[in-house]
Amino acid sequence: MDAIRTEALTKHYRVGFWRSRPYVALEGLTLDVRRGEVFGFLGPNGAGKTTTLKLLMQLIYPTSGRAEILGRPVGDVEVKRRIGYLPENPYFYDYLTAEELLEYFASLFGFQAAERRRRVATLLDEVGIGAERRLQLRKFSKGMLQRVGIAQAILNEPDVVFFDEPMSGLDPLGRREIRQLILRLRDRGCTVFFSSHVLSDAETLCSRVAILAGGRLVASGHLSSLLAFQVQGWELVMTGVSAEALEQVTRAGQVARATPFGVGHYAFELPLTTPPDRVLSELTARGARLVSLMPVRETLEDYFVRQVAEAPRDRGLQVSGTHAGR
Amino acid sequence: MQVVSHIALNVFKESVRDRVLYSLVAFAVLLIGGSYLIGQLTAGQDIKIIKDLGLAAIATFGLLIAVFIGIGLVWKEVERRSIYSLLSKPVRRHEFILGKYAGLALTLLVNVGMMTAAFYLVLVYLNTQTPENIRAVLPAPVADPGMLRAIALILVELLVVTAIALFFSTFSSPFLSVALTMGLWLIGHFNADLRNFEAVVESPVAAYLARGLYYVLPNFAAFNVKTQVVYGLPVPGSYLLTTAVYGAVYIGLLLTAAVVIFARRDFK
Amino acid sequence: MRWPALVLPIVFGAGVVGLQAIYERRGGPLPGTAENLLYVQSPRAIERLALAYDALLADVYWIRAVQYFGSTRLSKDPNKQYDLLYPLLNLTTSLDPRFRLAYLLGSIFLSEPPPGGPGRTDLAIALLEKGRRAEPDVWEYPQSIGFVHYWWRQEYKEAAAWFLRAADTPGAPEWLRPLAATTLAQGGSRASSRVLWQQIANTAEVDWYRNEALKRLRQLDAMDQLDQLRAVVDVYRERFGAAPDSWDDLRRAGYLRGTPLDPVGVPYRLAGGTVSLDPQSPLYPLPTEPLRLR
């Protein structure tokens, strides 16, 4: 059984007051997320990430298509018992304290008073706001609210959590804590589905990703298979390079670029056509010493930019019998 | 059901911490207390005026609380998106609406209770100040417990108003909701005029329309027995009962409609 | 969630209408309800409270006055009072002193004798005098004061004086001066009454008032017809030595072709030789005429 499965999930909005025309927020999203995975849901702002999460939480209803969580239709109360959700830029009740808010949410799961207190106390410490537990939420900063939001999402020790931009509003230290938290959740066997436009997060955390642009899925799969880990060239770093040796390798056209780092210290970029061992041996023969030799691969960012650039920009509905509703 | 009560308690907790509520209740209590002074200004009639003012203050401030807190709480929940995390909990949408309503009703009950207590405090004090020979000729005792009948109907009326406010706030903006709720409240009080409409207009279409509206629109005039209790006139128990049942059925209708609309709503 | 969404609105909706019907069957609001209560009775206080909304508030009070008059008229309470009518009209006209309709119709409401109205001709005249103070150049005010004297108080000298005052107002219609003359000469005669009501029927701007005038004209017709019928009965009695028992007697004797009907189609009554209007007729009761003219 998959943790999350969507089939041709589609959401159209009508925009404009007078001559309202459909706006494609999400078109035909088909996705599987396996249990225990950390799944990154990537895309630029406005790509349809939040729309997808809202559809999975049944905050909005799809125009067409289906979605299931843990093998049951979304919106099912039994499903809601086993999931957690962090909305984008979460906001809660002004006049409650962090502790009261979590107690309230815990009561909705039917936890008894003692159990509620135990969970809330450990959670507040886990997300790092234990000291502010008695503070009313209207005095919380954005980053603190984000932590409260994360705490309420994992209150019920969920099997699947949905984080919408979990890193937003956090400082570098906070981001690191959240990364560690996500890994801890994964180690507990919890499936983590998170959306982000920050790629480095996804690169360090995810086993698989999906990339969304213009409301349409442009790519999905394992990071390694998506990026293909293609070697695009080499980066060779040498020290003790004499001017004569430098002239030798650059003149031959074997080096695409040579960047000096210090006296006799250079980084060479070699195209794929140049065997690095030949350049290396030429340079060592002239007294240079090897510091490092690294293959140059496509980064997720390169890939992302390429995919998004190729995605269609038109968000209107193609007029071809597709029905627009809701 | 447990979920509904938890949501209701949270509404209550949140609303009693809201400054708007504090100021409204404080002002009402002040006015009821101040009615003692106003009573001093007018010759005779002071007890009647204090009763009139006290009951009017309870009804009016109750109305403001019902409308503004009722609309504010639901609208804030949606507008500030706290509903996103709430609805991802094991909460069905109709439980959300019913819980909100129960919480608002609880808030209203406590507030009307506070205002009533202040009202009777003034009256009890006044009773000690009124000489025996004057008390003997009054149409009703000074601290007349019979006035609780009027207050009970005010409370039912406010509960209907809250349901109207909640209904409108499930689909329209707060400003519009306030306007619509207040409008319906006003029309509901002019209900008796709709009843006599055919005596005043010539067009049969207008008369039929007025008749139809008379049956469908909330009849708030029926909840108003303030004059009767102040003058010590009879208010039959059967009248209280049918009016209260009428209120309850109207609330049921409004909440069902609110739930149906809310269940289909997209939270963009 | 599917079936309750269909069934509950129907059940609750039916409940609302049903309970409202019960409320209606019980006779609507309880006796002594707040409608009969006017908190602010002082025109000066209300003017201060009205801020910039005095004209609008005048309209509201005018509507309340009309509603109050209409609903009190309809109520089946045998001891009904029109206590609030004058205060409401007074507030209306203080908020908007040029509210001509409120003065003119209001004075008619106030003059109407019980149970159709409070029968307060004094207050009606006071209201019209207030209008005249606000707009001395309007001939309708003195004319209406004259009318109250003429019709409700049968004070023909006063009435004639007020009709003359109206006639002296610039822009007054031609017929006022002859009306004043006939009123003075033969006040209360059908001829002068007919002139008065005919003019009202021709000029009334409000349907209700025009219908009232038409009814008065039909009453005058009925009074003429009654006089003729009484004459026929007298002739019959002279000839047969006894009063006729029914219209049939008169028909057989060849004096009438059928049962005589009043101007709205209700048969006249003949009992013990006395001819009268059927109390069921909308024209009943006929106005009293001064004895000297009968």
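Here the structure is a predicted model, which means the values were calculated and not measured. Each chain carries its own residue numbering, running from 1 in the direction its sequence is written. Labels are handed out in written order, letters beginning with A for the chains and numbers beginning with 1 for the ligands. Where local features are concerned, this predicted model is filtered to residues with pLDDT of at least 70; where side-chain atom pairs are given and counted, the filter is 80 or more; whole-chain, interface and lining totals use all residues. Note: side-chain values were computed over all heavy atoms of the structure, leaving out hydrogens and water.

Novice: Would you mind showing me how to read the overall build of chain B here?
Specialist: Helix and strand definitions follow DSSP, with helices as H or I runs of at least four residues and strands as E runs of at least two, each counted in order from the N terminus. Tallying secondary structure elements over chain B gives 13 helices and zero strands in all. Reading the secondary structure of chain B in the N-to-C direction produces α-α-α-α-α-α-α-α-α-α-α-α-α. Considered along the principal axes of its C-alpha atoms, chain B spans approximately 65 × 55 × 30 Å. Type-normalised accessible area, obtained with a 1.4 Å probe on protein chains alone, sets the label of each residue: buried when under 20%, exposed when over 50%, and partly exposed for intermediate values. Here chain B holds 268 residues, and the buried ones make up 54% of them. Where accessible areas are quoted, they stem from the Shrake-Rupley method and a 1.4 Å probe; at the residue level, only the protein chains shown are allowed to cover. As displayed, chain B has an accessible area near 11000 Å², and 72% of this comes from carbon and sulfur atoms. Mean positive and mean negative side-chain charge positions of chain B (20 and 14 charges, respectively) differ by 10 Å. When charges are tallied, Lys and Arg are placed among the positive residues and Asp and Glu among the negative ones, while His and the ends of the chain are skipped. Every charge is mapped to an atom, namely NZ of Lys, CZ of Arg, CG of Asp or CD of Glu.

Novice: Help me understand unusual backbone geometry, please; the structure alone is not making it clear to me.
Specialist: The bulk of non-glycine residues show a negative phi, and the bulk of peptide bonds are trans. For A:Q58, which is not a glycine, the phi torsion comes out positive at approximately 55°. Tracing the sequence through the fold places A:Q58 in the loop between α1 (49-56) and β4 (64-69). For A:Q58, a relative accessible area of 24% gives the class partly exposed. One non-glycine residue, B:R81, lies in the positive phi region at around 65°. Checked against the element boundaries, B:R81 lands in the loop between α3 (46-79) and α4 (82-87).

Novice: What's the story with the interface of chain C and chain B in this structure? I'm lost.
Specialist: Reports often express the size of an interface as the amount of accessible area lost when the parts come together. Contacts are assigned to residue pairs that have any heavy atoms within 4.5 Å of one another. At the junction of the two partners, chain C supplies 34 residues and chain B supplies 39 residues. By buried area we mean how much accessible surface two parts lose on assembly, using a 1.4 Å probe and totalling the loss over both. Together chain C and chain B conceal approximately 3000 Å² of surface at their shared face, both sides included; 64% is due to carbon and sulfur atoms. Any pair of N or O atoms that falls within 3.5 Å is considered a polar contact. Within protein, one atom must be able to donate a hydrogen and the other to accept it, and sequence-neighbouring residues count only if both atoms are side-chain atoms. Taken together, the connections running from chain C to chain B amount to four residue pairs in polar contact (both at pLDDT 80 or more). Put simply, the parts of the chain that give the side of chain C that touches chain B at least two residues each are α1 (2-25) and α3 (54-74) of chain C. Examining the composition of the side of chain C that touches chain B, we find that 16 residues originate from one element, α1(C), more than from any other.

Novice: Sorry if this is basic, but what is going on with the sheet that holds strand β1 (residues 4-15) of chain A here?
Specialist: Through backbone hydrogen bonds, the strands of a sheet pair up, either in parallel or in antiparallel fashion. Residues and elements named next belong to chain A. Only strands joined by at least two bridges in the DSSP assignment are considered to pair. Strand order across the open sheet formed by four strands is β2-β1-β4-β5, with antiparallel pairing between neighbours. With partners counted over all chains shown, the strands left at the sheet margins are β2 (21-33) and β5 (72-73), one partner each. In terms of strand pairing, β1 meets β4 through five bridges, oriented antiparallel. Note on β4: the bridge partner recorded for T10 is S64.

Novice: Even after reading the chapter, I still don't get the sheet that holds strand β9 (residues 208-213) of chain A, so can you show me in this structure?
Specialist: All names here are of chain A. Strands sit in the order β6-β7-β8-β3-β9-β10 across an open sheet of six strands; the sheet is mixed. Since the sheet does not close on itself, it has two edges, and those belong to β6 (83-86) and β10 (216-222), each with one partner. Across this sheet, the average inter-strand angle for adjacent strands is 15°, counted without regard to direction. The pairing of β9 with β10 spans six bridges and is antiparallel. Note on β10: the bridge partner recorded for A213 is R216. Note on geometry: axes are C-alpha line fits, over the in-contact stretch for helices, and angles between N-to-C directions span 0 to 180 degrees.

Novice: Whenever I open this one, the interface of chain A and chain B confuses me. Can you help?
Specialist: Taken together, the contact pairs 34 residues of chain A with 30 residues of chain B. Both faces combined, the contact of chain A with chain B buries some 3100 Å², and carbon together with sulfur accounts for 54% of it. Of all residues in chain A, the largest losses of buried area upon contact with chain B belong to A:L59, A:Y95 and A:L108, amounting jointly to 22% of the total for that side. We count a salt bridge whenever a side-chain nitrogen from Lys or Arg sits within 4 Å of a carboxyl oxygen from Asp or Glu. If you look at where chain A meets chain B, you find four salt bridges. In this structure, A:D94 engages B:R80 in a salt bridge whose closest nitrogen and oxygen atoms are separated by 2.8 Å. Counting every contact that joins chain A to chain B gives 18 residue pairs in polar contact (both at pLDDT 80 or more). The element that contributes the greatest number of residues to the side of chain A that touches chain B is helix α3 (residues 98-108) of chain A, accounting for five residues. Polar here means any residue outside two lists: the nonpolar Ala, Val, Leu, Ile, Met, Phe, Trp, Tyr, Cys and Pro, and the charged Asp, Glu, Lys and Arg; Gly therefore counts as polar. Along the lines of polarity and charge, the residues of the side of chain A that touches chain B split into 18 nonpolar, six polar and 10 charged.

Novice: In this structure, what is going on with the packing of aromatic side chains? I would like to understand it.
Specialist: Think of a pair of aromatic rings as described by two things: how far the centres are apart, and how the planes are tilted against each other in angle. All names here are of chain C. The aromatic pairing rule takes the rings of Phe, Tyr and Trp, using the six-membered ring of Trp, and pairs them if the centres are within 6.5 Å, calling planes under 30 degrees apart stacked, those over 60 edge-to-face and the rest tilted. Taken as a whole and assessed by the stated rule, the structure comprises 30 aromatic pairs over all chains. Centroid distance W62 to F99: 5.7 Å. Interplanar angle 55°. Geometry classified as tilted. Placement of the pair is W62 in helix α3 and F99 in the loop between α4 (85-95) and α5 (100-111), with a sequence separation of 37 residues. Relative accessible area serves as the criterion here: at 10%, W62 is assigned to the buried category. Of the aromatic side chains, those joined through ring pairs into one cluster are W62, F69, Y82, F99 and F109.

Novice: I keep staring at the pattern of salt bridges and nothing clicks. Help me out?
Specialist: A side chain of one charge can pair with a side chain of the opposite charge when the charged atoms of the two come close. Enumeration according to the criterion identifies 42 salt bridges over all chains in this entry. Here B:E77 and B:K100 are joined by a salt bridge, their closest N and O atoms 2.7 Å apart. Of this pair, B:E77 sits in helix α3 while B:K100 sits in helix α5 (residues 93-129), and the two are 23 residues apart along the sequence. Exposure class is identical for B:E77 and B:K100. Each is buried. Ionic pairing is found between C:R120 and C:D122, a salt bridge with its closest N-O pair at 3.2 Å. Judged by its relative accessible area of 38%, C:R120 falls in the partly exposed class. Under the relative-accessibility criterion, C:D122 is labelled partly exposed at 38%.

Novice: Just to check I follow, could you spell out the confidence of the model for chain A for this structure?
Specialist: As a general rule, the predicted coordinates of low-pLDDT regions are not to be interpreted in detail. Residues and elements named next belong to chain A. For chain A, the average pLDDT comes to 85, and 92% of its residues sit at 70 or higher. pLDDT runs from 0 to 100 and stands for how confident the predictor is about each residue. Per-residue pLDDT, averaged within each element of chain A, yields its smallest value for helix α8 (residues 223-227) (71) and its largest for β6 (95). Scored below 50 in pLDDT, residues 319-326 makes 18 contacts in the model with residues more than four places away or belonging to other chains.

Novice: Just checking my understanding: could you explain empty space enclosed by the protein for this structure?
Specialist: One way to see where empty space is left: roll a probe the size of a water molecule over the atoms. Lining residues are those with an atom within 4 Å of a point, where the points come from a 1 Å grid over the protein atoms alone and group into cavities, where a 1.4 Å probe fits but cannot get out, or pockets, open sets with protein on both sides within 12 Å along at least five of seven lines. Grid points are joined across faces, edges and corners, and a volume is the space filled by probe spheres set on the points. On inspection of all chains with the given rule, the structure shows four cavities of 30 Å³ or more. There is about 80 Å³ of room inside the largest cavity. Taken together, B:N219, B:A222, B:Y239, B:T242, B:T243, B:Y246, C:L19, C:Q20, C:I22, C:Y23 and C:R26 form the lining of the largest cavity. Mapped onto the lining of the largest cavity, the elements with two or more residues apiece are α13 (237-264) of chain B together with α1 of chain C. Its residues assigned to classes, the lining of the largest cavity shows six nonpolar, four polar and one charged. A volume near 70 Å³ is recorded for the second largest cavity. Here the element with the most residues in the lining of the second largest cavity is α3(B); it accounts for three residues. Per-class residue counts for the lining of the second largest cavity are four nonpolar, one polar and five charged.

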